Amino acid sequence: MTDGGQAGETGETGGAAEQPAAGRLTDAEAAVLAYEGRSWPGPGAKERAIREALGLSPVRYYQLLNALMDDPRALAHAPGTVNRLRRIREAQRARR
């Protein structure tokens, strides 16, 4: 599996119909990690893409992303992205 790249349109997340096979991320979870692994020209472009392509509000996107940071399935799917996010989170906690 890859770490990053362009995700396709997935729609709203959280439905029972999106249950993955054991040990796999849902399509929406994988798309969130893919979006987080991309480079963005500015915060506005990222939030707009989240709304349009993923069908999520930015708040819901970051809630899902925060939960994925502690999910071993996410670490197995995108180790570079998850480890980078964990380092950033730990640095922010250390500054507080």
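Read on for an overview of the structure. Worth saying up front: this structure is predicted, and the values here are computed from it rather than measured.

### Observations concerning the overall build of the protein
A tally of helices and strands in the protein yields five helices and zero strands. Helices (α) and strands (β) of the protein occur, in sequence order from the N terminus, as α-α-α-α-α. With 96 residues in all, the protein has 34% of them scored as buried. Sequence-distant contacts in the protein: of pairs separated by 6 or more residues, those separated by 24 or more amount to 58%. For the protein, the exposed area adds up to about 5,800 Å²; of that, 52% sits on carbon and sulfur atoms.

### A short note on helix α5 (residues 79–95)
Over its 17 residues, α5 extends 24 Å from the first C-alpha to the last, a length consistent with the 24 Å expected when each residue adds 1.5 Å. Turning to α5, its buried residues are Thr 81, Val 82, Leu 85 and Arg 89. The arc that holds every buried residue of α5, seen down its axis, measures 95°, which confines them to one face. Seen from the buried face of α5, the exposed residues on the opposite side, beyond 90 degrees, are Arg 87, Ala 94 and Arg 95. At its buried positions, α5 is contacted by α1 (27–37), α3 (58–68) and α4 (72–77).

### Concerning the packing of α1 against helix α2 (residues 43–54)
For the pair α1 and α2, interaxial distance at closest approach is 12 Å and the crossing angle is 155°. When the interaxial angle is binned, α1 and α2 end up roughly antiparallel. Seen from above, α1 lies across α2 with right-handed handedness. Each of Ala 31, Val 32, Tyr 35 and Glu 36 in α1 lies in contact with α2, whose residues at this interface are Lys 46, Ala 49, Ile 50, Ala 53 and Leu 54.

### Quick look at the pattern of salt bridges
For the coordinates displayed, the defined rule picks out five salt bridges. Among the salt bridges present, the one from Arg 73 reaches Glu 29, with a minimum N-O distance of 3.4 Å. Pair noted here: Arg 73 is in helix α4 and Glu 29 is in helix α1, with a separation of 44 residues, a long-range link. Arg 73 gets classed as partly exposed once you look at its relative accessible area, which sits at 23%. Asp 71 is the partner of Arg 73 in a salt bridge, and the nearest nitrogen-oxygen pair spans 2.7 Å. What emerges from the salt-bridge pattern is a single network uniting Glu 29, Asp 71 and Arg 73.

Cut-offs used in this document
- Residue numbers run consecutively from 1 along every chain, following the written order of its sequence.
- At least 70 in pLDDT is required for a residue's local features to be given in this predicted model, at least 80 for side-chain atom pairs to be given and counted, and no such filter applies to totals for whole chains, interfaces and linings, which use all residues.
- With hydrogens and water set aside, each side-chain value is computed from the structure's full complement of heavy atoms.
- Here a strand is any run of E in DSSP of at least two residues, a helix any run of H or I of at least four, and the numbering for each starts at the N terminus.
- Remark: exposure states derive from per-residue accessible area (1.4 Å probe, protein chains only) relative to the maximum for the residue type, with buried under 20%, exposed over 50%, and partly exposed in between.
- Between two residues, a contact is recorded if the distance between any of their heavy atoms is within 4.5 Å.
- Exposure was quantified through the Shrake-Rupley algorithm and a 1.4 Å probe, taking into account, for residues, occlusion by the shown protein chains and nothing else.
- By this rule the span expected of a helix is its residue count minus one, scaled by 1.5 Å.
- What the arc covers is the set of directions going from the helix axis to the C-beta atoms.
- Axes here mean lines fitted to C-alpha atoms, for a helix over just the part in contact, with angles spanning 0 to 180 degrees between N-to-C directions.
- Angles below 35 degrees are treated as roughly parallel, those above 145 as roughly antiparallel, those between 65 and 115 as roughly perpendicular, and all remaining angles as oblique.
- For any pair of crossing helices, the crossing counts as left-handed if the nearer helix is rotated counterclockwise from the farther one by less than a right angle, and right-handed if it is rotated clockwise.
- In the sections that follow, a salt bridge refers to a side-chain nitrogen of Lys or Arg positioned within 4 Å of a carboxyl oxygen of Asp or Glu.

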